[in-house]
Amino acid sequence: MQEPIADLLLRSLLPLIEGAILGTIPLALSSFAIGLVIALGMALMRLSKNRLVSGIARAYISVIRGTPLLVQLFVIFYGLPSIGLVVDPWPSAIIAFSLNVGGYAAEVIRAAILSVPKGQWEAGHTIGMSRGRTLVRIILPQAARVSVPPLSNTFISLVKDTSLASLILVTELFRNAQEIAAFSQEFMALYIEAAVIYWVICLALSSVQGSLEKRLDRYVAH
Amino acid sequence: MSPTDPIAADPSGADPSPAGQALLTVRGLSKRFGDNEVLKSIDLTVQPGQIVALIGPSGSGKTTVLRSLNGLEVPDAGIADVAGEVHVDFAASPSRAEINALRDRSAMVFQHFNLFPHKTVLENVIEGPVQVQKRSKVDATADALALLARVGLSDKRDAYPFELSGGQQQRVGIVRALALKPQLLLFDEPTSSLDPELVGDVLDVIRELAGEGWTMLIVTHELQFAKQVADQVVFMDGGRVVEHGHPRDVLVSPQHERTRQFLRRLLDR
Ligand SMILES: Nc1ncnc2c1ncn2[C@@H]1O[C@H](COP(=O)(O)OP(=O)(O)O)[C@@H](O)[C@H]1O
Ligand SMILES: [Mg+2]
């Protein structure tokens, strides 16, 4: 006996949300956090006067942005074992997504750092700060304000891109949808249901972005 | 009158410090940017408590002199000595630590204020004392509030720079410099980016500081102010000190044709 679509959708809501809460969201959050650290490092290397150092960062960013994320994911999960490095699905996904965010966000952070006027570095210097301290206390807080909108876009893309992890067997929202779809043969219904959940997550993120921007805008003229 | 003439450097004739130790001694300061020789052996002597006005046409190297003393540029040659305690020989490729030791003796007030826009007025002022000089926040705050009160900005302590007028921002810039308790205050055209009606307030603050014994090197186009407040006026042109001495001498009866031309042009504006 065939189950009505409405019942199927309702019954699959829980596993899909579970996939989001236990898979998609932690995957996105941890990859984004690690990715930002990589990105900051790459941005600073890219700004270095040392040609070798900035060259390394430039090459990294170019490779990451010039190759498909899916291929990066497959290189780590399916490629590395052939040179004797077996990485589990979850760590593979986190590594691939972090490296990817690192490449994209590096350019955003670099541009944001460069957007802070030179006089701010000089003011930090004149009150006796080292370059590192000026970066952390004076430059980055101002760069953060400029980079929230583009970094939010990076994060929202990442949330959607985590669905690729289903292809290396990570249990997350989309993989759960695929399994229920295959079992019930209701592909259209399940994939649209998954799409709606992704959409809701992204709407929530956009509103977080809005309030973050407002918070960081408190010290600029309107 | 030669630029190194010690009498000219101390127009009062009286020796302001018992040991006769100048607060700032600059000799042979030279700097080039590529092919552009911006400073051509600058000599400068500033006695403790003296107010020195640095004047001259745009591009003559005034800003570069201040920036060199504050470690924002590194000259190619020459020496800078503060009170006989810090001595940097730029020809001997000084380390960053040596240059920072020189920098820590002075504080700069910028033409465009360069306040930290993401920090409140009070935070701007205590940033250096707390973060760099490691003074307690309570202490630094008490000092900062006293300084803000003196420049009439007590009620702005929690405002962000964008909420202030240019004149108020520059007074915060001055307080931020004072809070570091430097031996030497460097002002780079502190009123040049202000609307005319706001210039007076900032000059009044500097005038008050002059009365309190601060040693200051001020780049300015405000000749009237220089005449009233400065102990010494230094006229620079083309990277050289053309003449220097008492404001009366340099501004009223200058010896050099270049100085006369410059003053005439400034007065004609
Ligand atoms: N960072 C720099 N790079 C190249 N040239 C510079 C730099 N800073 C200043 N200059 C040049 O040095 C000269 C003197 O500049 P400056 O000290 O700012 O003069 P002033 O303050 O008297 O107007 C100018 O010709 C200026 O273009
Ligand atoms: Mg200048």
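In case you missed it, the structure is sitting above this.
Presented here is an overview of the structure given in this document. Since this is a predicted model, take the numbers as computed values, not measurements.

1. With respect to the overall build of chain B
And then number 1: Looking only at helices and strands, one finds 10 helices and 10 strands in chain B.
And then number 2: The C-alpha atoms of chain B give 18 Å as radius of gyration, which agrees with the globular expectation for 269 residues (18 Å, within 12%).
And then number 3: Considered along the principal axes of its C-alpha atoms, chain B spans approximately 50 × 45 × 45 Å.
And then number 4: Within chain B, the proportion of its 269 residues that are buried is 57%.
And then number 5: Counting only contacts in chain B whose residues sit at least 6 apart along the sequence, the fraction spanning at least 24 positions is 65%.
And then number 6: Looking at chain B as shown, the accessible area adds up to about 11,100 Å², and 48% of this sits on carbon and sulfur atoms.

2. Section: unusual backbone geometry
Residues and elements named next belong to chain A.
And then number 1: At Leu169, a residue that is not glycine, the phi angle is positive and equals roughly 75°.
And then number 2: Along the polypeptide, Leu169 turns up in the loop between α6 (131-161) and α7 (173-184).
And then number 3: Accessibility expressed as a relative area gives 46% for Leu169, which makes it partly exposed.

3. A few points about the interface of chain A and chain B
And then number 1: The interface of chain A with chain B comprises 19 residues on the first partner and 27 residues on the second.
And then number 2: Between chain A and chain B, a total of about 2,000 Å² is buried, with carbon and sulfur atoms accounting for 57% of that surface.
And then number 3: In terms of surface lost to chain B, no three residues of chain A exceed His125, Thr126 and Ile127 of chain A, which account for 31% of the buried area on that side.
And then number 4: Counting every contact that joins chain A to chain B gives 2 salt bridges.
And then number 5: One salt bridge in this structure joins Glu127 of chain B and Arg137 of chain A, with 2.5 Å as the shortest N-O distance.
And then number 6: Residues of the side of chain A that touches chain B, tallied by class, amount to 8 nonpolar, 7 polar and 4 charged.

4. A word on the site of ligand 1
Residues and elements named next belong to chain B.
And then number 1: All residues in the neighbourhood of ligand 1 are listed as Phe33, Asn36, Val38, Pro57, Ser58, Gly59, Ser60, Gly61, Lys62, Thr63 and Thr64.
And then number 2: Measuring from an oxygen atom of ligand 1, one finds a side-chain N or O atom of Asn36 at 3.3 Å.
And then number 3: Here Ser60 contributes a backbone N or O atom positioned 3.2 Å from an oxygen atom of ligand 1.
And then number 4: In the complex, 61% of the free accessible area of ligand 1, which totals 560 Å², lies under the protein chains.
And then number 5: Secondary-structure elements contributing two or more residues to the shell around ligand 1 are β2 (36-46) and α2 (62-69).

5. A short note on the sheet that holds strand β7 (residues 184-188) of chain B
Across a sheet, paired strands are connected by hydrogen bonds in the backbone, their directions being either parallel or antiparallel.
Residue and element names in this part refer to chain B.
And then number 1: Spatial strand order, β6-β7-β8-β3-β9-β10: 6 strands in an open sheet with mixed pairing. Single-partner strands in this sheet number two, and they are β6 (106-109) and β10 (240-245). With strand direction ignored, the average angle separating the axes of adjacent strands in the sheet is 20°.
And then number 2: Across 4 bridges, strand β3 (residues 51-55) lies against strand β9 (residues 232-237) in parallel orientation. Following the sheet pairing, Val52 is matched in β9 by Gln232.

6. Describing the side chain of Gln170 of chain B
And then number 1: Position of Gln170 of chain B relative to the elements: it lies in helix α6 (residues 166-178).
And then number 2: Setting aside anything within four residues of it in sequence, one finds Gln170 of chain B in contact with Val109, Phe110, Gln111, Phe113, Pro190 and Val202 of chain B.

7. Some words on the pairing of β9 of chain B
Residues and elements named next belong to chain B.
And then number 1: The buried fraction of β9 amounts to 6 of the 6 residues, a majority that puts the element mostly inside the structure.
And then number 2: The alternating pattern of β9 places Gln232, Val234 and Met236 on one face and Val233, Phe235 and Asp237 on the opposite face, and all of these are buried.
And then number 3: In terms of strand pairing, β9 meets β10 through 5 bridges, oriented antiparallel. If you follow Val233 over to β10, its bridge partner there is Gly245.
And then number 4: Where β9 folds back onto β10 in an antiparallel hairpin, the turn is made up of 2 residues, including Gly238, whose phi is positive at roughly 55°.

8. Thoughts on the sheet that holds β2 of chain B
Residues and elements named next belong to chain B.
And then number 1: Taken together, the 4 strands give an open sheet; going across it, the order is β2-β1-β4-β5, and neighbouring strands pair in antiparallel fashion. Strand pairing shows two members of the sheet lacking a second neighbour, β2 and β5 (86-89), which therefore form its edges. Going from strand to strand, the sheet's axes swing by 15° on average, the running direction of each strand aside.
And then number 2: Strands in contact with α2 are β1 (24-33), β2 and β4 (77-82); relative to β2, the strand with the most contacts, it is inclined by about 65°.
And then number 3: Contacting β4 and β5, helix α3 (residues 96-103) runs over the sheet at an angle of about 130° to β5.

9. Focus: the environment of Val86 of chain A
Residues and elements named next belong to chain A.
And then number 1: Along the polypeptide, Val86 turns up in the loop between α3 (69-79) and α4 (89-115).
And then number 2: Residue Val86 is classed as exposed on the basis of its relative accessible area, which comes to 67%.
And then number 3: Separated by 81 residues in the primary sequence, Val86 and Ile5 place their C-alpha atoms 41 Å from one another.

10. Observations regarding the nonpolar core
And then number 1: Within the largest apolar cluster, 129 residues are counted, with the highest numbers of intra-cluster contacts made by Ile174, Phe187, Ile206, Leu209 and Met216 of chain B.
And then number 2: Ranked by residues supplied to this core, first place goes to α4 of chain A with 11 residues.
And then number 3: By size, the runner-up hydrophobic cluster in this structure holds 13 residues, among which are Ala53, Phe235, Val250 and Phe262 of chain B.

11. Here's the deal with the packing of aromatic side chains
Between two aromatic rings, the relevant description is the distance of the centres plus the angle of the planes.
And then number 1: All told, the structure shown has 7 aromatic pairs over all chains when counted by the stated rule.
And then number 2: Seen from their ring centres, Phe174 of chain A and Tyr191 of chain A are 5.4 Å apart, and the 35° between their planes marks the pair as tilted. Of this pair, Phe174 of chain A sits in helix α7 while Tyr191 of chain A is found in helix α8 (residues 187-216), placing the two residues 17 residues apart along the sequence.
And then number 3: Overall, Phe174 of chain A belongs to the partly exposed group, its relative accessible area being 23%.
And then number 4: For the ring pair Phe235 of chain B and Phe262 of chain B, a centre distance of 5.2 Å and an interplane angle of 40° mean the geometry is tilted. With Phe235 of chain B in strand β9 and Phe262 of chain B in helix α10 (residues 257-268), this residue pair connects regions lying 27 residues apart in the sequence. An identical accessibility class is assigned to Phe235 of chain B and Phe262 of chain B; each is buried.

Cut-off values and rules
Residues numbered from 1 in each chain as written. Chains lettered and ligands numbered in written order. Predicted model: local features only at pLDDT ≥ 70, side-chain atom pairs only at ≥ 80, totals over all residues. Heavy atoms only, no water. Helix = DSSP H or I, 4+ residues; strand = E, 2+ residues; numbered from the N terminus. Rg over C-alpha atoms; globule rule 2.2 N^0.38 Å. Buried < 20%, exposed > 50% of the residue type's maximum accessible area, 1.4 Å probe, protein only. Contact = heavy atoms within 4.5 Å. Areas by Shrake-Rupley, 256 points an atom, 1.4 Å probe, with all protein chains shown as cover. Buried area = accessible area lost by both parts, 1.4 Å probe. Salt bridge = Lys/Arg side-chain N within 4 Å of Asp/Glu carboxyl O. Nonpolar A, V, L, I, M, F, W, Y, C, P; charged D, E, K, R; others polar. Near = heavy atom within 4 Å. Polar contact = N/O pair within 3.5 Å; in protein donor to acceptor, adjacent residues only side chain to side chain. Pairing = 2+ DSSP bridges. Axes fitted to C-alpha atoms, helices over the stretch in contact; angles between N-to-C directions. Core = buried A, V, L, I, M, F, W, Y, C linked by side-chain atoms within 4.5 Å. Phe/Tyr/Trp six-rings, centres within 6.5 Å; stacked < 30°, edge-to-face > 60°.

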